[in-house]
Amino acid sequence: MDLRRKLPPKPPSTTTKQPSHRSHSPTPIPKASDALPLPLYLTNTFFFTLFFSVAYYLLHRWRDKIRSGTPLHVVTLTELSAIVLLIASFIYLLGFFGIDFVQSFISRENEQLNNDDHNVVSTNNVLSDRRLVYDYGFDVTGDNDDGNDDDVIVKSVVSGEVNSYSLEASLGDCYRAAKIRRRAVERIVGREVLGLGFEGFDYESILGQCCEMPIGYVQVPVGVAGPLLLNGGEFMVPMATTEGCLVASTNRGCKAICLSGGATAILLKDGMTRAPVVRFATAERASQLKFYLEDGVNFDTLSVVFNKSSRFARLQNIQCSIAGKNLYIRFTCSTGDAMGMNMVSKGVQNVLDFLQNDFPDMDVIGISGNFCSDKKPAAVNWIEGRGKSVVCEAVITEEVVRKVLKTTVPALVELNMLKNLTGSAIAGSLGGFNAHAANIVSAVFIATGQDPAQNIESSHCITMMEAVNNGKDLHVSVTMPSIEVGTVGGGTQLASQSACLNLLGVKGACIESPGSNAQLLARIVAGSVLAGELSLMSAISAGQLVKSHMKYNRSSRDMSAIASKV
C-alpha cells in the first residue's frame, strides 16, 4: 500500500516573485543522434542488419577460399565493398554504444548542475527506502531548532504510516532514529521509559549486526574477580551480573586457587557444529548418502568444498544419524577466533549444493535439524562436545580450605557427591552436574559480548572433588564439553564488550596463531567456573549461603519511598 502523501503546502513567500521555471530552463544539450536523417531506432536497425549480413558474407567467402586454396589477400570488388561496409557499420555501432553513451553521462551531470542552480530537490541518488522521508517533507539532515520535524515523524510512526524498522535507513542517523522510535513507543504505550539508558551509546555500532529497532540500552553492572591464576598467567575476570554475592564468591574462589599454586586448563577439542536435515523418497536412498558421507575417501573431497567458504573454516568430521527416510548430518569444523555459527553454516551450504549433483533427489528440509544442537540442552553436546571442550583442575591445600573457604576437605567431597552427582542424577539432569556453572558462564558471556542464549550448552559441566595427599588436600575439577565463545564478530565488537576482552588480553583475532584467543577465553571461562564452584560449595558446606545472601544480596533501600517519588 502506498502510504506516501504530498508535501505540505509551502507558506507564502514575502520575497520578490521569482521568474517561472520555464524561463530559466537550460538549453538542451545536442546529442549525437540528433544529426541522423532517420529516427534513431530505424538507423540502429539498418546498421545492425548491415553489420551481421556483411560479416556473414565475408566469413562464408573466406571459408570457400580456404577450401579451394585461394589466397585470402586476393579480394574481388564485391568483397572489398563488403569490407568497407563492415568497417563503416562497426564505426557507427561503436559511436552509438561508446560516444553517445559517454555523452549521456555528461548530459546527466549538466542537468544535475542546472537543477542545483534552481534549487530543485533531486532524489535520483537516494535509496528507495529513503523516498518516504522526502515525500513527507522531513528534515533528514537533523538541522532543526525546535524538533518539529521529529514530532512529525513520531506521529507518522505512531499512526503506522512510517515503518519503525526503516528509520535508520530513511534518516541516515542511527542516534536520531533510536530517539524518534523511543518517543513513538512511549506515545503508543502511554508510559515513559525514563530509567532505560539512551545517551552515551554508539547506535551505529549495532546497526545490521547486534540489535534491530533500538530504543536504548540496559545497564548491567560489571564486576571483576581475580586474579585468577591459570596456566601460569593471571587474569582479572569481568562479570556482568545483577546477582549479589556472585562476583564476591567467584573472587574468593580465585583467591583460594591462587594461594594453592593456580589451576590448569586443558583444551580437549575445538569444533563448531551445524546439522542440516535432508529427506529422500526412501530410507534406502537416505542410507546411500549416509554411507557416502562416512566413507573416508569422499571426506577429502567434501573438505575441499567445505573449506573454501572461509580462510579459517576447516572441516573436521561428519556424523550422520538416520530416522526413516530423513538423514541428519552433523558437520564439525574449526572456526578460528570466531564463535563460528555463520562460518560453519556457509560451509554446510556449499557441501549441500555439491551433493545435489550426485543426489539430485535429495530434498534439503532445513540447514539446521537440531542435531547440532544449538541453544538447547542436548545429550549430543554433552557426549560429543560443541565449540571448545575444556577440563580445568586445581589442588587446594588443606590450609586454604580451612582459612579461606572456611570448611574442610571431607565435607566438600561428601557434599559434591550427594549434591552435584547423586542429586543431579535423581533430578535427571542433562549436563548439570554442578553447583552453579551457568551463573559464571552467563556473567562472563554478557561482559565479553558472547551470545547469552548459548549459555545453555556452554554451562554443561560436571564438578568433581576428591581428597588427595593422604586426605589432606582437595583435588577439584570441572569438565565442560561445549563452551561456545569467540573473540571476533557479534557483540564482541561493541565498545564495552571489547574493553572486557581487552582486559583479559584476548581482544580480536590472533594473527600469529588463529583461534588461540578464543581458546584462551574458553579456558578462562572454565577456570572462572572452577573458582565459582569451589566457593559456592564451600559456602553451602559451612552453612554460610543463606547468611551471606541475606546480608549482601538484599537491598536496604526503602523501595516504597522511592516508588512514591516516581
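Residues numbered from 1 in each chain as written. Predicted model: local features only at pLDDT ≥ 70, side-chain atom pairs only at ≥ 80, totals over all residues. Heavy atoms only, no water.

Student: Quick question: what am I supposed to make of the overall build of the chain here?
Tutor: Of the regular secondary structure elements, the chain holds 19 helices and eleven strands. Taking all 566 residues of the chain together, the buried fraction comes to 41%. For the chain, the exposed surface amounts to about 31,100 Å²; the carbon and sulfur share of it is 58%. (Helix = DSSP H or I, 4+ residues; strand = E, 2+ residues; numbered from the N terminus. Buried < 20%, exposed > 50% of the residue type's maximum accessible area, 1.4 Å probe, protein only. Areas by Shrake-Rupley, 256 points an atom, 1.4 Å probe, with all protein chains shown as cover.)

Student: Is there a simple way to explain the packing of aromatic side chains in this structure?
Tutor: The description of an aromatic ring pair uses the distance of the two centres, along with the angle that the planes make with each other. Scanning the entire structure with this criterion turns up eleven aromatic pairs. Ring centres of F306 and F331 lie 6.2 Å apart, and the angle between their planes is 15 degrees; on these two criteria the pair is classed as stacked. Placement of the pair is F306 in helix α9 (residues 296–307) and F331 in strand β6 (residues 326–334), with a sequence separation of 25 residues. For the pair formed by F306 and F331, the shared burial category is buried. (Phe/Tyr/Trp six-rings, centres within 6.5 Å; stacked < 30°, edge-to-face > 60°.)

Student: Sorry if this is basic, but what is going on with the pattern of salt bridges here?
Tutor: Side chains bearing opposite charge may pair, as long as their charged atoms lie close to each other. This structure, assessed with the given rule, holds 13 salt bridges. Linking E294 and K290 is a salt bridge whose minimum nitrogen-to-oxygen distance equals 2.9 Å. Of this pair, E294 and K290 both sit in helix α8 (residues 283–294), four residues apart, which is roughly one turn of that helix. Accessibility expressed as a relative area gives 18% for K290, which makes it buried. (Salt bridge = Lys/Arg side-chain N within 4 Å of Asp/Glu carboxyl O.)

Student: Is there a simple way to think about helix α10 (residues 341–358) in this case?
Tutor: Within an α-helix, residues lying three or four positions from one another point in the same direction, as the helix has 3.6 residues per turn. Along its 18 residues, α10 runs 27 Å from first to last C-alpha, staying within 8% of the 26 Å computed at 1.5 Å per residue. Restricting attention to buried positions, one finds in α10 the residues M341, M343, V344, S345, G347, V348, N350, V351, L352 and L355. As for α10, its buried residues are in contact with β3 (264–274), β4 (277–279), α8, α9, β6 and β7 (363–366). (Expected span 1.5 Å × (residues − 1). Contact = heavy atoms within 4.5 Å.)

Student: Help me understand helix α6 (residues 174–189) in this model?
Tutor: With 16 residues, α6 extends 22 Å between its outermost C-alpha atoms, agreeing within 8% with the 22 Å of an ideal straight helix rising 1.5 Å per residue. Listed as buried for α6 are C174, R176, A177, A178, I180, R181, R182, A184 and E186. Structurally, α6 contributes buried residues whose contacts are with α4 (148–159) and α5 (167–171). Where α6 begins, the capping side chain belongs to D173, and its oxygen is found 3.1 Å from the backbone nitrogen of Y175. (Polar contact = N/O pair within 3.5 Å; in protein donor to acceptor, adjacent residues only side chain to side chain.)

Student: Would you explain a nonpolar patch on the surface in this entry?
Tutor: A contiguous nonpolar patch, built from L59, W62, I66 and L72 and spanning about 410 Å² of accessible area, is present on the exposed surface. Position of I66 relative to the elements: it lies in helix α1 (residues 40–68). Looking at I66, the relative accessible area reads 61%, which means it is exposed. (Patch = residues over 30% accessible without salt bridge, like charges linked within 9 Å, V, L, I, M, F, W, Y side chains within 5 Å.)

Student: Sorry, what's going on with the state of the cysteines here?
Tutor: Cysteine pairs can be covalently joined through their sulfur atoms, and such a bond is termed a disulfide. One pass over the full model with this rule turns up zero disulfides. Not engaged in a disulfide, the cysteine C258 finds its nearest cysteine sulfur in C254; these two sulfurs lie 8.8 Å apart. (Disulfide = S-S within 2.5 Å.)

Student: Even after reading the chapter, I still don't get the environment of V154, so can you show me in this structure?
Tutor: Structurally, the position occupied by V154 is in helix α4. The residues contacting V154, other than those within four sequence positions of it, are I180, R183, A184 and R187.

Student: Can you walk me through the nonpolar core in this structure?
Tutor: Most often, soluble globular proteins have nonpolar side chains that are buried together. Counting 53 residues, the largest nonpolar core has M239, I396, L474, V529 and L534 as its most contacted members. At eleven residues, the largest contribution of residues to this core is made by helix α17 (residues 516–541). Ignoring any residue separated from it by four or fewer positions in sequence, one finds V529 in contact with A437, I440, V441, C461, V478 and M480. If you look at the next biggest cluster of nonpolar residues, it comprises 30 residues, including L289, F306, V351 and F359. (Core = buried A, V, L, I, M, F, W, Y, C linked by side-chain atoms within 4.5 Å.)

Student: Whenever I open this one, the environment of V222 confuses me. Can you help?
Tutor: With respect to the secondary-structure elements, V222 resides in strand β1 (residues 222–230). Residues V222 and I446, 224 residues apart in the sequence, show an inter-C-alpha distance of 9.2 Å. Apart from the residues within four sequence positions on either side, V222 is in contact with P238, M239, A240 and C500.

Student: I'm lost on the side chain of N517 in this one. Help?
Tutor: Tracing the backbone through its elements, the reader meets N517 in helix α17. A distance of 3.0 Å separates a polar side-chain atom of N517 from the backbone oxygen of G508. Setting aside residues up to four positions removed in sequence, N517 forms contacts with D337, T487, G505, V506, K507, G508, A509 and C510.

Student: Quick question: what am I supposed to make of the packing of helix α14 (residues 437–448) against helix α16 (residues 495–504) here?
Tutor: Each packed pair of helices is defined by two parameters, the angle between the axes and the distance between the axes. The N-to-C vectors of α14 and α16 enclose an angle of 115 degrees; their axes lie 7 Å apart at closest approach. On the basis of the axis angle, α14 is roughly perpendicular to α16. Where α14 abuts α16, its residues I446, A447 and T448 lie against S496, Q497, C500, L501 and L504. Here the residues of the contact of α14 with α16 sort into five nonpolar, three polar and no charged. (Axes fitted to C-alpha atoms, helices over the stretch in contact; angles between N-to-C directions. Parallel < 35°, antiparallel > 145°, perpendicular 65-115°, else oblique. Nonpolar A, V, L, I, M, F, W, Y, C, P; charged D, E, K, R; others polar.)

Student: So what exactly am I meant to see when it comes to the pairing of strand β10 (residues 461–468) here?
Tutor: Each regular strand displays side chains that alternate between the two surfaces of the sheet. In this structure, strand β9 (residues 432–433) lies alongside β10, joined through two bridges in parallel fashion. Across the sheet, residue G432 finds its bridge partner in β10, namely C461. Alignment of β10 against strand β11 (residues 473–483), held across seven bridges, turns out to be antiparallel. Residue pairing in the sheet places A467 in a bridge with L474 of β11. (Pairing = 2+ DSSP bridges.)

Student: When you look at the environment of P227 in this model, what are you seeing that I'm missing?
Tutor: One can find P227 in strand β1. A C-alpha to C-alpha distance of 6.4 Å links P227 and C254, two positions 27 residues apart in sequence. Beyond its immediate sequence surroundings of up to four residues, P227 is in contact with E234, F235, M236, C254 and C258.

Student: Explanation requested: unusual backbone geometry in the structure shown.
Tutor: Backbone phi values are negative for most residues with the exception of glycine, while trans is the configuration of most peptide bonds. At the junction of G226 and P227, the peptide bond is cis and its omega measures out at 5 degrees in the coordinates. In this model, C372 is joined to S373 through a cis peptide bond whose omega is -5 degrees. Locating S373 in the fold gives a position in the loop between β7 and α11 (379–384). Backbone geometry at K375 places phi at a positive 60 degrees, although glycine is not the residue there. In this fold, K375 is placed in the loop between β7 and α11. Even without being a glycine, N469 presents a positive backbone phi close to 55 degrees. Within the secondary structure layout, N469 lies in the loop between β10 and β11. Relative accessible area serves as the criterion here: at 46%, N469 is assigned to the partly exposed category.

Student: What is the right way to look at the confidence of the model for the chain in this model?
Tutor: Of all residues in the chain, 80% attain a pLDDT of 70 or more, and the chain-wide mean is 85. Ignoring residues within four places in sequence, the model shows residues 1–29, a span with pLDDT below 50, making 20 contacts including any to other chains. Here residues 108–138 scores under 50 on pLDDT; set against residues more than four positions off or in separate chains, the count is 39 contacts. (pLDDT = per-residue confidence, 0-100.)

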